[in-house]
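Next come the chains, spelled out residue by residue.
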Amino acid sequence: RFGEAGASAGTFVTSSESLCTAPPLSEAAPSFSLLGTQPATADSVLFSVSQDGGGTWSAPVPFVYFDPQALPVVASASPRFADNGGDAEVVISGGQFVPTGPDLLCSFRPARV
């Protein structure tokens, strides 16, 4: 079960893995589908699994929907410098970041002044 959407069929794979298909955000969280007049860029709903036809549900975990067309917004980076050897961990602050796993990339390139 994703948010407010009705239950969707799941598929058993192994004792430690099952498959479910996420419904559109507009079904899982109708109130989230619009933020003001703009479509939502990322919204969390709670996801649960039932093995008895919906009589009981697992503890919910967050599931995030995002707009793949929305670019992240970078407000700041800290630290803003590192020695020539590199290997400095940089914390990026901003918005519209989504948990895309290995698809999240950072680019460092020469600045044009």
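As the structure is a prediction and not an experimental result, all values here were calculated from the model.

Colleague: Explain the overall build of the chain here, please?
Modeller: The helix and strand tally for the chain stands at 1 helix and 8 strands. Secondary structure elements of the chain occur, N-terminal to C-terminal, as β-β-α-β-β-β-β-β-β. Counting only residues that meet the buried cut, the chain has 12% of its 113 residues in that class. Long-range pairs, those at least 24 residues apart, make up 33% of the contacts in the chain between residues at least 6 apart in sequence. Summing over all exposed atoms, the chain offers an accessible surface of approximately 9000 Å²; the carbon and sulfur share of this is 57%.

Colleague: When you look at the layout of surface pockets in this model, what are you seeing that I'm missing?
Modeller: With a probe scaled to a water molecule rolled over the atoms, the places where space remains empty come into view. What the largest pocket holds in volume is close to 770 Å³. As for the largest pocket, its lining consists of 26 residues, and the residues nearest its centre are Val74, Ile92, Phe97, Leu105 and Cys106. The element that contributes the greatest number of residues to the lining of the largest pocket is strand β7 (residues 73–78), accounting for 3 residues. Among the residues forming the lining of the largest pocket, the class breakdown is 18 nonpolar, 5 polar and 3 charged.

Colleague: Help me out: how do you make sense of a nonpolar patch on the surface in this one?
Modeller: Among the surface-exposed residues, Val74, Ile92 and Phe97 lie close enough to one another that they form a single nonpolar patch of about 260 Å² accessible area. Its location among the elements puts Val74 in strand β7. Accessibility expressed as a relative area gives 55% for Val74, which makes it exposed.

Colleague: Looking at this model, I keep getting lost on the confidence of the model for the chain. Mind explaining?
Modeller: Detail in the predicted coordinates should be disregarded across regions flagged by low pLDDT. Residues of the chain with pLDDT of at least 70 account for 85%, and the chain-wide mean is 82. Counting contacts from residues 33–40, a segment whose pLDDT is below 50, to residues more than four positions away or on other chains yields 10 contacts.

Here is what the cut-offs are and how they apply
Residues numbered from 1 in each chain as written. Predicted model: local features only at pLDDT ≥ 70, side-chain atom pairs only at ≥ 80, totals over all residues. Heavy atoms only, no water. Helix = DSSP H or I, 4+ residues; strand = E, 2+ residues; numbered from the N terminus. Buried < 20%, exposed > 50% of the residue type's maximum accessible area, 1.4 Å probe, protein only. Contact = heavy atoms within 4.5 Å. Areas by Shrake-Rupley, 256 points an atom, 1.4 Å probe, with all protein chains shown as cover. 1 Å grid on protein atoms, 1.4 Å probe; cavity = no way out; pocket = protein on both sides within 12 Å on 5 of 7 lines; lining within 4 Å. Points joined across faces, edges and corners; volume = space filled by probe spheres on them. Nonpolar A, V, L, I, M, F, W, Y, C, P; charged D, E, K, R; others polar. Patch = residues over 30% accessible without salt bridge, like charges linked within 9 Å, V, L, I, M, F, W, Y side chains within 5 Å. Salt bridge = Lys/Arg side-chain N within 4 Å of Asp/Glu carboxyl O. pLDDT = per-residue confidence, 0-100.

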